Amino acid sequence: MAKIGIPRTLAYFLYFPFWQAFFTELGHQVVVSPPTTKAILDRGVEDAVNDACIPIKIYHGHVAKLIGKADFIFSPRLVSLRRHGDFGTETFCPKFLGLPDMIRVAIDKLPPVIDTRIDLKPGKEELLKACQETGDMLGHEGKEVLAAYKKALAVQKRFNQLLAKGVLPHLALDIIEGKKKEEDLNRDGFDLNIAVVGYPYVIYDPYVNVGLLKLLEKEKARVYTQDILSNKILNKQQKYIPKSLFWYFSNRAVYGGLYFMKQKDIDGIIHVTAFACGPDSMVDKLLEIECNKHNKPYLTVSVDEHSGEAGVRTRIEAFVDMLRYRRATR
Amino acid sequence: MIGYLGVDVGSVSTNVVIIDEKGEVIASRYLRTNGKPIETVQKGLYSVGEEVGDKVQIAGVGTTGSARYLVSMIVGADIVKNEITAHAVAASNVVKGVQTIIEIGGQDSKIIILRNGVVTDFAMNTVCAAGTGSFLDQQANRLCIPIEEFGDYALKAKNPVRIAGRCAVFAESDMIHKQQLGYNIEDIIAGLCEALVRNYMNNVGKGKEILPPVVFQGGVAANKGLVAAFNKYLGLEVIVPKEHGVMGAIGAALLAREATKKTGQTNFKGFNIKDISFKTDSFECNGCSNACEVVQFYENDELIARWGDRCGKWEMSTR
């Protein structure tokens with residue numbers, strides 16, 4: 001039995017249930033780094049290359065936090081999850097592709113890294129191959145791995161079903177882990193509907209976005225994100241833009257935005273973006289142009305290293321005021 | 001006579017106004033915050049209080065600006081509003097049918113788009129404060145020209161030179177370079193004004209449909225050079241309200257009028273808060289590795305509020 005360390009950021013927010021179930025089923029213990037803190041950010045800023053975006057720096061901090069607590073760091077090389085886009089070449093952002101290499105170079109005293117390559121372009125069965133490869137590294141036989149893989153798929157399915165019901169990923173994770181009950185979720189008392197689009201690790205990490213979702217809840221706004229939409233709905237949106245983007249998470253954010261801006265009961269759209277994100281320079285402009293066409297209020301919230309919430313708060317308050325006035329005069 | 005008080009505490013200036021029931025300004029103060037919001041508000045309040053004396057009875061108080069929550073506790077505010085809403089309310093009140101508001105303050109610049117009296121879109125500068133009041137202050141200082149005369153210099157220019165306006169550091173080195181080449185100071189200052197407008201339009205105003213009437217407000221609107229540069233760029237006459245420097249405070253007062261109409265009572269603590277001692281201290285929470293700096297706020301040695309923690313552990317149920 002080994003301790004497998006998983007950083008609580010980046011792909012964690014969408015795919016953790018699968019990998020946790022997989023490793024647990026194989027008899028290992030999964031250790032997750034704690035929620036992002038100032039100390040994690042500081043460590044990340046210290047270790048990561050200077051021109052990386054904040055999420056990548058934070059990832060470094062999370063990995064460092066697992067040193068001494070885990071025998072392995074699970075940092076898969078996420079290449080792609082599907083054949084998608086105009087040339088079928090959609091990938092994750094380049095920094096995801098180089099993630100295992102980056103942490104190896106940047107962080108001292110790192111435990112061995114499990115850097116299984118995940119490239120599902122040829123087909124879904126590639127995931128089982130990746131699992132076999134991962135199982136191999138830990139000395140497991142094919143049969144064992146297959147059983148763990150099946151169990152992991154079932155758990156991930158339960159998680160995805162929660163998302164389909166409108167439960168946001170960070171809450172669905174709490175439910176899967178037994179920290180929260182589904183029936184305890186707050187579903188009443190909202191008088192605005194706001195779609196928040198952007199990358200999971202920016203939207204669901206309250207440290208990075210200085211408590212944006214909580215702030216919206218306080219303002220009585222119910223939050224929807226692209227992650228509660230089915231792939232079918234998301235992919236349908238592709239036809240509304242001349243060309244899809246190259247990056248997986250970017251396409252999800254754009255498609256989600258495109259869907260929500262056509263919904264009458266959605267009052268406005270917020271795009272949360274990490275300062276200096278390359279793909280987002282396109283995502284943000286695209287969403288802005290499309291929102292204008294649909295006459296849907298649009299706000300960009302740009303986050304970086306600042307810990308002060310004043311800037312975000314002022315913008316959110318003003319945005320919510322604006323939506324309420326619009327509603328009242330409609 | 002009944003009046004409403006509005007307080008706007010921003011990074012550079014603290015503004016206090018009293019309006020009557022019709023929304024006309026009875027008294028106003030424009031003070032430098034100098035990093036001491038509490039003292040400045042106490043001073044400003046005392047001073048307008050002396051001016052209006054017993055003639056005005058305050059029926060509602062509103063606060064806005066980046067220190068709006070702190071100040072709301074000092075004055076006993078009935079409503080706390082963000083700057084964008086406050087500025088929009090004030091401009092709508094002064095210029096009927098306003099469709100675009102350009103607001104440039106000490107460290108913020110914003111654009112607010114209204115249609116049929118409702119805010120439909122807005123934008124604020126993101127991370128960089130180039131082109132806001134503090135930068136102009138600095139440049140005026142460097143050129144040894146009082147900031148009040150900055151605009152007059154710009155108006156005297158015959159051929160404004162081109163200055164890089166994207167970044168305050170670039171702008172400064174560009175200006176120095178042009179000075180060394182022998183261009184005259186009027187043309188350089190006018191060039192700077194045009195650069196700031198260009199930068200504002202590219203940054204804050206990008207993609208926005210700017211329709212007249214356009215109101216230009218905030219402390220920087222006092223600069224005639226910038227007004228001229230905006231007129232030239234937009235091809236129309238921007239309107240600078242008489243009270244352009246205190247519009248945020250006017251908006252807060254108007255919002256207070258609206259808020260107290262429903263409740264019929266106010267939390268106002270009176271003008272004479274000069275003798276109340278307000279103080280803050282802070283400590284580093286060691287509950288987790290966030291190490292939040294928690295601020296504690298005291299009124300006459302009684303702890304009445306706390307903020308600065310991310311998890312809500314230290315929050316007090318004052319509001």
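Rules used in this analysis
- Residues numbered from 1 in each chain as written.
- Chains lettered and ligands numbered in written order.
- Predicted model: local features only at pLDDT ≥ 70, side-chain atom pairs only at ≥ 80, totals over all residues.
- Heavy atoms only, no water.
- Helix = DSSP H or I, 4+ residues; strand = E, 2+ residues; numbered from the N terminus.
- Rg over C-alpha atoms; globule rule 2.2 N^0.38 Å.
- Buried < 20%, exposed > 50% of the residue type's maximum accessible area, 1.4 Å probe, protein only.
- Contact = heavy atoms within 4.5 Å.
- Areas by Shrake-Rupley, 256 points an atom, 1.4 Å probe, with all protein chains shown as cover.
- Lys, Arg positive; Asp, Glu negative; His and termini not counted.
- Charge placed at Lys NZ, Arg CZ, Asp CG, Glu CD.
- Domains from an automatic or database assignment.
- Buried area = accessible area lost by both parts, 1.4 Å probe.
- Salt bridge = Lys/Arg side-chain N within 4 Å of Asp/Glu carboxyl O.
- Polar contact = N/O pair within 3.5 Å; in protein donor to acceptor, adjacent residues only side chain to side chain.

1. Regarding the overall build of chain A
Working step 1: Along chain A, the regular secondary structure elements total 14 helices and ten strands.
Working step 2: Taken against the 2.2 N^0.38 rule, which gives 20 Å for 330 residues, the C-alpha radius of gyration of chain A at 20 Å falls within 12% of a compact globule.
Working step 3: The 330 residues of chain A split such that 57% are buried.
Working step 4: For chain A, restricting intrachain contacts to residue pairs at least 6 apart in sequence, the fraction spanning at least 24 positions comes to 72%.
Working step 5: Total accessible area on chain A stands at roughly 14,300 Å², and carbon and sulfur atoms take up 53% of it.
Working step 6: Across chain A, the centroid of the 47 positively charged side chains sits 5 Å from that of the 40 negatively charged ones.

2. Thoughts on the domain arrangement of chain A
All names here are of chain A.
Working step 1: Split into domains, chain A comes out as domain 1 (3–164) and domain 2 (186–329).
Working step 2: Put simply, the middle of domain 1 and the middle of domain 2, counted by C-alpha atoms, are 26 Å apart.
Working step 3: Listed as interface residues are 28 residues of domain 1 and, on the opposing side, 24 residues of domain 2.
Working step 4: The junction of domain 1 with domain 2 conceals about 2,400 Å² of combined surface from both sides, 64% of it contributed by carbon and sulfur atoms.
Working step 5: There are one salt bridge connecting domain 1 and domain 2.
Working step 6: Put simply, Lys-243 and Asp-86 hold a salt bridge, and the shortest N to O gap is 3.4 Å.
Working step 7: Viewed at the interface, domain 2 and domain 1 are joined by nine residue pairs in polar contact (both at pLDDT 80 or more).
Working step 8: Going through the elements one at a time, helix H1 (12–25), helix H2 (38–47), helix H3 (54–65), helix H4 (94–97) and helix H7 (142–164) are the ones with two or more residues in the side of domain 1 that touches domain 2.

3. Some points on the interface of chain A and chain B
Often the size quoted for an interface is simply the accessible area lost on bringing the parts together.
Working step 1: Facing 28 residues of chain A, the contacting portion of chain B comprises 27 residues.
Working step 2: Interface area, chain A with chain B, both sides summed: about 2,200 Å², of which 46% is carbon and sulfur.
Working step 3: Where chain A packs against chain B, one counts two salt bridges.
Working step 4: Residue Glu-317 of chain A pairs with Arg-68 of chain B through a salt bridge whose shortest N-O separation is 3.1 Å.
Working step 5: In this assembly, chain A and chain B are joined by seven residue pairs in polar contact (both at pLDDT 80 or more).
Working step 6: Mapped onto the side of chain A that touches chain B, the elements with two or more residues apiece are H2, helix H10 (212–218), helix H13 (278–293), strand S10 (298–303) and helix H14 (310–329) of chain A.

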